Amino acid sequence: MIDITVHKIAQIILMSRELDRAEGELRAFIDRLSEEEQASLVAVMWIGRGSFEAEDLEEAKRTAFEEATTPCADYLLGTPHLSDHLENGLDALGLSASDDEDELIRGG
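Residues numbered from 1 in each chain as written. Predicted model: local features only at pLDDT ≥ 70, side-chain atom pairs only at ≥ 80, totals over all residues. Heavy atoms only, no water.

Let's shift gears to the nonpolar core. Soluble, globular proteins show a tendency: their nonpolar side chains are buried together. By size, the foremost hydrophobic cluster in this structure holds 33 residues, and its most contacted members are Ile-9, Ile-12, Ile-30, Leu-41, Leu-76, Leu-86 and Leu-90. Sorting the residues of this core by element identifies helix H1 (6–17), helix H2 (19–32), helix H3 (35–49), helix H4 (57–66), helix H5 (72–77) and helix H6 (82–92) as the ones contributing at least two each. Counting residues per element, this core draws most heavily on H3, at eight residues. Apart from the residues lying within four places of it in its own chain, the contact partners of Leu-90 are Ile-2, Val-6, Ile-9, Ile-13, Val-44, Leu-95 and Ala-97. (Core = buried A, V, L, I, M, F, W, Y, C linked by side-chain atoms within 4.5 Å. Buried < 20%, exposed > 50% of the residue type's maximum accessible area, 1.4 Å probe, protein only. Helix = DSSP H or I, 4+ residues; strand = E, 2+ residues; numbered from the N terminus. Contact = heavy atoms within 4.5 Å.)

Okay, here's the thing in structure tokens:
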């Protein structure tokens, strides 16, 4: 189970698509997440890019927590295709951010 809501991941996906306008806001958002949320976020991204399988979620979270040597926002913003990896990771875990993304776009 991930320790971050799909809604928060949807917010990160949307902001990461608009980095030139929303980088500061995205950095602040990620920095405000708990360590557990940040580790889950990184784990979802790793699953989405194929570094871990969905069934290895707990190992991915543990690895993300143990190997955190740079600020999470720096690490994630330095990752090409972040939004795609997050969406793919959620999909691999049987989750979807589509409804949350639509709600956020509509201003909900």
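That covers the picture; the talk isn't over yet.
Bringing the packing of aromatic side chains into the picture now. Considering all chains together, one arrives at two aromatic pairs under this definition. Relative to Phe-52, the ring of Trp-46 has its centre 5.5 Å away and its plane inclined at 25 degrees; by these criteria the two rings are stacked. Residues Trp-46 and Phe-52 agree in their burial class; the two are buried. When the ring of Trp-46 is compared with that of Tyr-75, the centres are 6.5 Å apart and the planes differ by 80 degrees; the resulting orientation is edge-to-face. Highlighted residues: Trp-46 in helix H3 and Tyr-75 in helix H5, separated in sequence by 29 residues. Relative accessible area serves as the criterion here: at 8%, Trp-46 is assigned to the buried category. The rings of Trp-46, Phe-52 and Tyr-75 are connected pair by pair, giving a single aromatic cluster. (Phe/Tyr/Trp six-rings, centres within 6.5 Å; stacked < 30°, edge-to-face > 60°.)

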